[in-house]
Amino acid sequence: MARWCYRHRLVVLLLWVGALFGLGFSASSAGTDYANVFSLPDTDSKKAYDLMEEAFPARAGDTDTVVWKVDEGSVRDAGVRARIQPALEEIAGMKGVGGVTGPYAGAEGAAQVSRDGRIAYAQVTFTDQANAVPKELVQDVVDTARDARRDGLDVELGGQAVQRVQEPPTGLAEMVGLAAAAVVLFLAFGSLFAMLLPIGVAVFGVGTGMFSTQLLSHVTDIPDLAPLLSSLIGLGVGIDYALFIVTRHRKGVLRGMDPEESTVTALDTSGRAVLFAGGTVCIALAGMLVTNLRFLDGVVIGTSLTVVLSVLAATTLLPALLGFLGPRVLSRGQRRRLAATGPEPEKATGLALRWSAGVQRRPRRVAVLALAVMAVLALPVLSLRLGATDQGNDDTTTTTRQAYDLLAEGFGPGFNGPLQVVVSDGDTTALVKDIEGTEGVARVAALPPARGVTVVQVVPTTSPQSEETDTLIDRLRDEVIPGAGVEAHVGGVTAVSKDFATVTGDRLPLFVATIIGLGFLLLLVAFRSLVVPLTAAVMNLVAAAASFGVLVAVFQWGWGLEPLGLGKEGPINAFLPVIMLSLLFGLSMDYQVFLVSRMHEEWVHTRDNARAVRVGLAETSRVINSAALIMVCVFLAFVLSGDSGAAMAGVGLAAAVALDAFVLRTALVPAVMHLLGTSNWWLPAWLDKRLPHLAVEPREETGEAAPHAGGPASAVHGYVRDPAGDPVEGAAVTLMSKGGRQVDRVASLADGSYILSVPAPGTYLLATTAPAYASRARQVLVADEPLAVDVELEPGEVDVPR
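Residues numbered from 1 in each chain as written. Predicted model: local features only at pLDDT ≥ 70, side-chain atom pairs only at ≥ 80, totals over all residues. Heavy atoms only, no water.

Participant: An account of the overall build of the protein is needed here, citing residue identities and associated values.
Facilitator: On a plain count of helices and strands, the protein comes out with 24 helices and 18 strands. Based on the C-alpha atoms only, the size of the protein along its principal axes is roughly 110 × 55 × 45 Å. Counting the 802 residues in the protein, one finds 54% classified as buried. Restricting to contacts in the protein with at least 6 residues of sequence separation, those with at least 24 account for 77%. For the protein, the accessible area works out to roughly 33900 Å², and carbon and sulfur atoms hold 58% of it. Between the mean site of the 62 positive side-chain charges and the mean site of the 80 negative ones, the protein shows a separation of 8 Å. (Helix = DSSP H or I, 4+ residues; strand = E, 2+ residues; numbered from the N terminus. Buried < 20%, exposed > 50% of the residue type's maximum accessible area, 1.4 Å probe, protein only. Contact = heavy atoms within 4.5 Å. Areas by Shrake-Rupley, 256 points an atom, 1.4 Å probe, with all protein chains shown as cover. Lys, Arg positive; Asp, Glu negative; His and termini not counted. Charge placed at Lys NZ, Arg CZ, Asp CG, Glu CD.)

Participant: Describe the pairing of strand 3 (residues 119–126), naming the residues involved and giving the relevant values.
Facilitator: By the criterion of burial, strand 3 is predominantly enclosed, with seven of the eight residues buried. Pairing of strand 1 (residues 63–70) with strand 3 involves seven bridges; the strand directions are antiparallel. Following the sheet pairing, valine 67 is matched in strand 3 by tyrosine 121. Relative to strand 3, strand 2 (residues 97–101) runs antiparallel, the two being bridged by four bridges. Within the sheet, the bridge partner assigned to valine 100 lies in strand 3 and is valine 124. (Pairing = 2+ DSSP bridges.)

Participant: Could you give an account of a negative patch on the surface, naming the residues involved and the relevant values?
Facilitator: A cluster of acidic residues, Glu90, Glu136, Asp140, Asp143 and Asp147, forms a negative patch at the surface. Here the element with the most residues in the negative patch is helix 5 (residues 135–146); it accounts for three residues. You can see glutamate 90 is positioned in helix 4 (residues 78–92). (Patch = residues over 30% accessible without salt bridge, like charges linked within 9 Å, V, L, I, M, F, W, Y side chains within 5 Å. Salt bridge = Lys/Arg side-chain N within 4 Å of Asp/Glu carboxyl O.)

Participant: So what about the pattern of salt bridges? Which residues, and what values?
Facilitator: Applying the stated criterion across every chain yields a total of 16 salt bridges. Between lysine 498 and aspartate 474 there is a salt bridge whose closest N-O contact spans 2.9 Å. Linking lysine 498 in helix 18 (residues 493–527) with aspartate 474 in helix 17 (residues 467–484), this pair joins segments that are 24 residues apart in sequence. Note on lysine 498: relative accessible area 15%, which makes it buried. One network of salt bridges, with partners in common, ties together Arg3, Arg7, Glu260 and Glu261.

Participant: Describe the nonpolar core, naming the residues involved and giving the relevant values.
Facilitator: One finds Met288, Tyr591 and Phe635 to be the most contacted residues of the largest nonpolar core, which totals 153 residues. By residue number, the principal contributor to this core is helix 23 (residues 644–676), which donates 19 residues. Among residues more than four places away in sequence, those in contact with tyrosine 591 are Asp240, Phe244, Ile624, Ala627, Ala628, Met631, Val657, Asp660, Ala661 and Arg665. The next biggest cluster of nonpolar side chains, apart from the first, holds 29 residues, and it includes Tyr104, Val113, Ala120 and Leu157. (Core = buried A, V, L, I, M, F, W, Y, C linked by side-chain atoms within 4.5 Å.)

Participant: Any chance you could break down the sheet that holds strand 6 (residues 419–425) for me, citing the residues and the numbers?
Facilitator: Spatial ordering of the open sheet is given by 7-8-6-9, a layout of four strands whose pairing is antiparallel. Pairing within the sheet leaves two strands with one partner each, and these edge strands are strand 7 (441–446) and strand 9 (487–491). If you compare each strand with its neighbour and ignore which way they point, the axes differ by 20° on average. In terms of strand pairing, strand 6 meets strand 8 (residues 454–460) through five bridges, oriented antiparallel. For glutamine 420, the partnering residue across the bridge sits in strand 8 and is glutamine 457. Helix-sheet contacts for helix 3 (residues 44–55) involve strand 6, strand 8 and strand 9, and the interaxial angle to strand 9 is about 105°. (Axes fitted to C-alpha atoms, helices over the stretch in contact; angles between N-to-C directions.)

Participant: Any details on a nonpolar patch on the surface? Residues and values, ideally.
Facilitator: A surface patch of nonpolar side chains, about 590 Å² in accessible area, is lined by Val183, Phe186, Leu187, Leu192, Phe193 and Leu196. Using a relative accessible area of 39% as the deciding quantity, one classes phenylalanine 193 as partly exposed.

Participant: Requested: an account of the pairing of strand 15 (residues 762–769), with residues and values cited.
Facilitator: The element strand 15 is extensively covered by neighbouring structure, given that seven of its eight residues are classed as buried. Here six bridges tie strand 12 (residues 732–737) to strand 15, and the two strands are oriented antiparallel to one another. Its bridge partner being in strand 15, alanine 732 is matched across the sheet by threonine 769. Examined bridge by bridge, strand 15 and strand 16 (residues 776–782) share seven bridges and lie antiparallel to one another. By the bridge assignment, threonine 763 is partnered in strand 16 with leucine 781. Where strand 15 folds back onto strand 16 in an antiparallel hairpin, the turn is made up of six residues, including alanine 772, whose phi is positive at roughly 70°.

Participant: I'd like a rundown of unusual backbone geometry, residues and numbers included.
Facilitator: Although it is not a glycine, alanine 772 adopts a positive phi angle of roughly 70°. Turning to its location among the elements, alanine 772 is positioned in the loop between strand 15 and strand 16.

Participant: Residue-level account of the sheet that holds strand 4 (residues 153–158), with values.
Facilitator: With antiparallel pairing, four strands are arranged side by side in an open sheet as 2-3-1-4. Whereas interior strands pair on both sides, the edge strands pair on one side only; in this sheet they are strand 2 and strand 4. Averaged over all adjacent pairs, the angle separating strand axes in this sheet is 20°, with direction ignored. On top of the sheet, helix 15 (residues 399–411) reaches strand 1, strand 3 and strand 4; it is set at about 110° to strand 4, its chief contact.

Participant: Give me the packing of aromatic side chains: which residues, what numbers.
Facilitator: Tallied over the entire structure, the rule returns seven aromatic pairs. What links up through ring pairs into an aromatic cluster is the set Tyr121, Phe411 and Phe415. The ring of tyrosine 6 carries the charged tip of arginine 9 above its face, separated from the ring centre by 5.3 Å. The ring of phenylalanine 193 is capped by arginine 328, whose NZ or CZ atom sits 5.6 Å from the centre of that ring. (Phe/Tyr/Trp six-rings, centres within 6.5 Å; stacked < 30°, edge-to-face > 60°. Lys NZ or Arg CZ within 6 Å of the ring centre and 35° of its normal.)

Participant: So, the side chain of serine 753: which residues are in play, and what are the values?
Facilitator: Mapped onto the elements, serine 753 comes out in strand 14 (residues 753–758). Given a relative accessible area of 14%, serine 753 falls into the buried group. Within the structure, serine 753 has its side chain in polar contact with the side chain of aspartate 751 (distance 2.7 Å). Discounting residues that sit within four places of it in the chain, serine 753 has contacts with Gly718, Tyr719, Ala747 and Ser748. (Polar contact = N/O pair within 3.5 Å; in protein donor to acceptor, adjacent residues only side chain to side chain.)

Pasting the structure below:
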C-alpha cells in the first residue's frame, strides 16, 4: 500500500483534497445540529423532567438575561427606567426575539427587582435554541442593552446565546496549537518541508473528521463539545503519528536508502505501530460506551472517527507527500553531508544516550524520585468533587460572569440554579410549608398546576456548585418529600448535574476496569509478556491520578486560575474523568508501544535485558519527548477555545501527556524494567501457545520457498572468535527474521563453532552476544545452500550501530 501511494502520489493527493473540500462544502451547506442530550434513566431528576415536559411543554427558544444595577437610588427611578425600557423595547422588536419580560410590567415584574431595589433583570426569549440563534442577532442584543449604560448604571447579559458571542473566533485554539507544533517540529527536524509534513497530514485528518462529525450531527445526537474534543485529540495524534513515520523515513534516507524504499520501510515498521496505536486509542474511546451515558455516545463517534481518519491520512497521504519531497525531507546541511561523506550510521548519541545510561546505573534512585513526583501531584485527587461548570466559572472580564455575579448579589447565590420540586400527587400546601422550614432554603414558590402536576420553585441559600446545595437536594429527597406524604421529584439543572455526577462516579470503576483490561490484553499479545502489560496498567493508573491531581489543584482549588484567565474555581466536570481517562489511556499506549517495541526488538536479538532497555530508551526517548511536547502545546492551546469544558480537558490532558512522557516513559518505566531484569519478558509456555500473534513489527519476508518436509531448507554455520583468532565458547548466536521473530538460537561450542537451522531462503538478522564482548549484528542472505559466516567479537560493552 505504501509503495502504491508513493508511486501514485498525485492521485492520492487529489483524492484527499477532493474529500476535504467535498466534505467541507457539504457540511457548510447542511449546517450543524448538535444536541446536548442527557439521558439519566432511573434518576429522580429525569422523572421530574418527564413530568414537566408532559404538563408544561417547554418553549422552543433559548432564554437569556439582561441584568442592571445602580450605584445609588433604585432601578425603579424614572431616570433609570428611561434608559432601560427603550432598550428592552428595541430588543423585543428585533427579528428572532420572541419576547422580553421585564420588571416594569406591573405586579408580575416586581419579583424581578432585588429587595434593596438596586438590581433588576429582564428575560429575553429567542425563537430558536442557543446554538441556532444567529450571532449577529445576539451581538445586536448585547450592544443595545449595554448602550443603556451610564455612570452609576451597569448593564450585563447572561445566558447560553450570549456566551457564544463572547467566545474567541472558531479555530483560534487550533491555529495556536498548530503554530506551537510547527516550532517544535522545525527544531526537531531542521527542515521546513519535513516540518510541514506532519502538520499537513493532521490538517487533512482533523478537517475530514470534523466535517464528517458535523454531517453526522443531523443523523444522531452529538454534543457541541464533540467537535472541540475531536479537533483536540485529532491534532495531537495526527501530528504525532506522522512524526513517528517521518522520523523513521529520514533515518532511512540518511543511511543511504532510496527515498521510495525508505518510505516503504518506514510505513512497514512505524506505520504498523501507528495502526496499532490508533486502534488502541479507538478501543479506549469506545470504552466510554460501557458507562451507558448517552451524552458520551456522540463524543465517542466524533473522536473515534477523527482518529481513524488521522491514521488513514498518516498511512496513505503521508507516503504520497514523501514521494513529492524525495530527498528534500532532509535539511540542506544533511543533504550536503550525505553527498560528501556518504550514509550516516544510526546511533543514539548525546543527552538521550547519557540519560539512558544514567537510568541503568541508578534505577532505584530514578524510580523513587519519579514515584515521589507523581505521588505529590496525585495528592489533590483525594478531594476530587465531580459536578458541572456554569457561567459562574467564566472569566471575570466576561459579561456572562458579571451578570451571574449581579444576580447572585441581588437575589442570592442560589438564584442562578433554582431547584424544581415536581409534585404529581399529594398535598402541595403541606409540602411547601415543610420546604420553607428546611435548612438551606431561601425562597419557595408554587406555580399554578397544570394537568395534575404542580411545580414548586425552590431557591437555595447557596450557589449551584456548592456542597451545601447537594446536601439540600439529598435532604429534600430523603426527608422532606417522604415526610410530607406526597409523590414528588426534585429536578432542575442543578439536580440534573448532581445526578449526572453521581451516575458517572458509580460507573467509573467499571469503565476503568474495562479500558485497563483491554490495554493489558493488547500488550500481552503484542509483546508476549505478562510483566510489561502489568507495568503499563499500573503506570496508566499512576498517570491518571497525578493528572487529576493537577486538575483539582487548578480548577477546584483555583491555583493559577486568574493568571491563566480560566475564571473561577468549581467542581470538575462530571463527564471529564471518562473522556480524559479514555484519551490518556490511548495516548499512553502509543508511547508504551513505541518505547517497548524497540526494547522488545533488542531483547529478542540479544536476550540482554539491560541492553534492551538501555538501547530502547536511548533510541526512542527523543522522538517520544518531541511528540509529547507537540501534544502538550496543542492541548494547552485549547485554553483559548472559550469553552470551560474544553479548557479543563486541555489542561488535564496536557498535564497527563507531560507526566506520562517526561516522567513515566522516560524515567519510571525504564528504571522499573532495569530492576525487574529478565522477568520483564516472562510468559508461561502454555499461554504463549494459545495467544494469537499480533504483528506490531513487520512480518518476516523469507521468500516464497516453503520449508522442506524433511527438515530445514538450509543452514547458517561458522565460528565465533575474538580479535586474536581464539574461539569464544558459550556465545549466544541468534537468527532472527526481518520482522524480529526468533528463528533459531544456539551457543557456540568450545572451538567457537555454531550451526543454525534456516526454514526457508531469505534475508535474516544474525546477532551474536557474549559476556565481556560487544554485541554484533548483521544481515545475511541465505539461499538454498548452507551459508558460512564467521563472527569476530570485540571486547567491551559499546553499543554497535545497526
